[in-house]
Amino acid sequence: HGMAAPERKAQLQQHMRATCDDAMAKIVDYMSSEAAVNLENYHCLESMNAAATQHYSALANQAAALNETTEQLQARCAKLQPLLLQVKDIEQSVDELEHVVTQLNEYTKRLEHRFRALV
């Protein structure tokens with residue numbers, strides 16, 4: 001080939017610089033792309049974190065409301081407990097009264113049969 005060694009060496013060095021420059025540019029592009037992907041992932045995670053925070057805040061509010069409702073129901077139940085005991089006592093009294101009425105009814109029937117037998 002008609003090139004002299006110094007020319008050939010200079011051409012090889014220029015080719016190596018161009019190849020290195022191209023490789024460096026591609027590495028920079030790759031690293032920039034990786035950084036952009038990581039930044040996008042960070043923004044995505046940030047958005048997901050904000051959404052999760054809102055969701056858990058709403059759940060905490062619901063739990064607090066449920067707790068308050070439970071406390072109100074327990075207070076109502078405590079107020080109703082004496083009334084329920086009174087109802088139970090009344091029910092027992094009614095049962096006893098029904099038993100007495102049944103006995104009185106049977107006694108009245110027996111007296112009626114005796115009276116008819118006498119007349």
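Conventions used here
- Residues numbered from 1 in each chain as written.
- Predicted model: local features only at pLDDT ≥ 70, side-chain atom pairs only at ≥ 80, totals over all residues.
- Heavy atoms only, no water.
- Helix = DSSP H or I, 4+ residues; strand = E, 2+ residues; numbered from the N terminus.
- Buried < 20%, exposed > 50% of the residue type's maximum accessible area, 1.4 Å probe, protein only.
- Areas by Shrake-Rupley, 256 points an atom, 1.4 Å probe, with all protein chains shown as cover.
- Salt bridge = Lys/Arg side-chain N within 4 Å of Asp/Glu carboxyl O.
- Patch = residues over 30% accessible without salt bridge, like charges linked within 9 Å, V, L, I, M, F, W, Y side chains within 5 Å.
- Lys, Arg positive; Asp, Glu negative; His and termini not counted.
- Charge placed at Lys NZ, Arg CZ, Asp CG, Glu CD.
- Expected span 1.5 Å × (residues − 1).
- Bend = angle between axes of the 7 residues up to and from the residue.

A.B. asks: I would appreciate a short explanation of the overall build of the protein chain in the present structure.
C.D. replies: Scanning the protein chain from terminus to terminus reveals 1 helix and 0 strands. Overall, the C-alpha framework of the protein chain stretches about 160 × 30 × 10 Å when taken along its three principal axes. Counting only residues that meet the buried cut, the protein chain has 0% of its 119 residues in that class. Total accessible area computed for the protein chain in this model is approximately 11200 Å², and 61% of it derives from carbon and sulfur atoms.

A.B. asks: What exactly am I supposed to notice about the pattern of salt bridges here?
C.D. replies: Pairing between side chains of opposite charge can happen when the charged atoms of each approach one another. Enumeration over the complete set of coordinates arrives at 2 salt bridges. Across the salt bridge formed by K26 and D22, the nearest N and O atoms sit 3.4 Å from each other. Of this pair, K26 and D22 both sit in helix α1 (residues 5–118), 4 residues apart, which is roughly one turn of the helix. Residue class for K26 comes out exposed when judged on its relative accessible area of 54%. A residue is classified by how much of its surface remains accessible, and D22, at 40% relative accessible area, is partly exposed.

A.B. asks: When you look at a nonpolar patch on the surface in this model, what are you seeing that I'm missing?
C.D. replies: Taken together, the side chains of M24, I27, Y30 and M31 define a hydrophobic patch exposed on the protein surface, amounting to about 450 Å² of accessible area. As for its placement among the helices and strands, I27 is situated in helix α1. Taking the relative accessible area as the measure of exposure, I27 reaches 45% and is therefore partly exposed.

A.B. asks: Looking at this structure, I do not really get a negative patch on the surface. What am I missing?
C.D. replies: On the surface, a cluster of negative charge is contributed by E91, D95, E96 and E98. Inspection of the secondary structure assignment puts E98 in helix α1. A relative accessible area of 48% places E98 in the partly exposed class.

A.B. asks: What am I meant to see in α1 here?
C.D. replies: Each α-helix winds once per 3.6 residues, and so residues spaced three or four apart point in a common direction. Relative to the 170 Å expected for 114 residues at 1.5 Å per residue, α1 spans 159 Å between its end C-alpha atoms, a close match to the ideal helical length. At L80, α1 is deflected by roughly 35°, the largest bend along its length, and proline P82 occurs up to four residues later in sequence.

A.B. asks: Could you clarify how one ought to interpret the environment of K88 in this entry?
C.D. replies: Along the chain, K88 falls in helix α1. A C-alpha to C-alpha distance of 81 Å links K88 and M31, two positions 57 residues apart in sequence.

Taken by themselves, the reported measurements are silent on function.
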